[in-house]
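Structural overview for review
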Amino acid sequence: MRDCRGGGARRTLLGMSKQVEKPEWERVAEAFEASGLAQREFAQQRGVRLSTLQSWVYRRRRAATACGEPVRLLPVQVATAPV
C-alpha cells in the first residue's frame, strides 16, 4: 500500500512493550481485511486494541481511495415507470 501523506507512526501492541512501526500496522490492517472477521473478533485474536485496529483500517481505506483512480461520474437519465 502506498502512503500519499508520508509521516510515521508508532503504537504499542496491547500487553507488549515493543514499539510497532507503521508498516507493521498496515500489515495488520491488511490481514484484517483479508480475514473476513468482525473487527472486535480480529482484535481479540491478535491481542490489539479495537480502537487502534479501527484507526488503521480507516487510514488504509482512506489512503486507498486518495491514491487510487479518481472517481468517474456518469450521466444518468431517470425514466418514469409506465402506468
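Heads up: the structure comes first, above all this text.
Residues numbered from 1 in each chain as written. Predicted model: local features only at pLDDT ≥ 70, side-chain atom pairs only at ≥ 80, totals over all residues. Heavy atoms only, no water.

**Observations concerning the nonpolar core**
- With ten residues, the main nonpolar core is built from Trp25, Val28, Ala29, Phe32, Phe42, Ala43, Val48, Leu53, Trp56 and Val57.
- Mapped by element, the contributors of at least two residues to this core are helix H1 (22-35), helix H2 (39-46) and helix H3 (50-67). (Core = buried A, V, L, I, M, F, W, Y, C linked by side-chain atoms within 4.5 Å. Buried < 20%, exposed > 50% of the residue type's maximum accessible area, 1.4 Å probe, protein only. Helix = DSSP H or I, 4+ residues; strand = E, 2+ residues; numbered from the N terminus.)

**A closer look at the packing of H1 against H2**
- Look at H1 against H2: their axes get within 10 Å of each other, and the N-to-C directions meet at 125 degrees. Put simply, H1 runs oblique to H2. Two packed elements cross with a definite hand, and for H1 against H2 that hand is right-handed. Of the residues in H2, those touching H1 at Val28, Ala31, Phe32 and Ser35 are Gln39, Phe42 and Arg46. (Axes fitted to C-alpha atoms, helices over the stretch in contact; angles between N-to-C directions. Parallel < 35°, antiparallel > 145°, perpendicular 65-115°, else oblique. Left-handed = near helix turned anticlockwise from the far one by under 90°. Contact = heavy atoms within 4.5 Å.)

**Section: the packing of H2 against H3**
- Where H2 contacts H3, the two axes come as close as 9 Å, and the packing angle between them is 115 degrees. For H2 against H3, the interelement crossing comes out right-handed. Taking contact as the criterion, the partners of Gln39, Arg40, Phe42 and Ala43 in H2 are, on H3, Leu50, Leu53, Gln54 and Val57.
- The residue inventory of the contact of H2 with H3, partitioned by class, reads five nonpolar, two polar and one charged. (Nonpolar A, V, L, I, M, F, W, Y, C, P; charged D, E, K, R; others polar.)

**Looking at the pattern of salt bridges**
- The final tally for this structure, using the stated rule, is one salt bridge.
- For Glu33, the salt bridge is made with Arg61, and the minimal N-O distance between the two is 2.8 Å. Of this pair, Glu33 sits in helix H1 while Arg61 is found in helix H3, placing the two residues 28 residues apart along the sequence.
- Residue classification places Arg61 among the partly exposed residues on the basis of a relative accessible area of 45%. (Salt bridge = Lys/Arg side-chain N within 4 Å of Asp/Glu carboxyl O.)

**Some words on H1**
- Between its terminal C-alpha atoms H1 stretches 20 Å, which fits the 20 Å expected from 14 residues at 1.5 Å a residue.
- Listed as buried for H1 are Lys22, Trp25, Glu26, Val28, Ala29 and Phe32. Burial along H1 is one-sided: seen end-on, the buried residues are contained in an arc of 160 degrees. Structural note: H1 exposes Arg27 and Ala34 on the side pointing more than 90 degrees away from its buried face.
- Gly36 lies just past H1 and shows a positive phi near 80 degrees. (Expected span 1.5 Å × (residues − 1). Arc of directions from axis to C-beta.)

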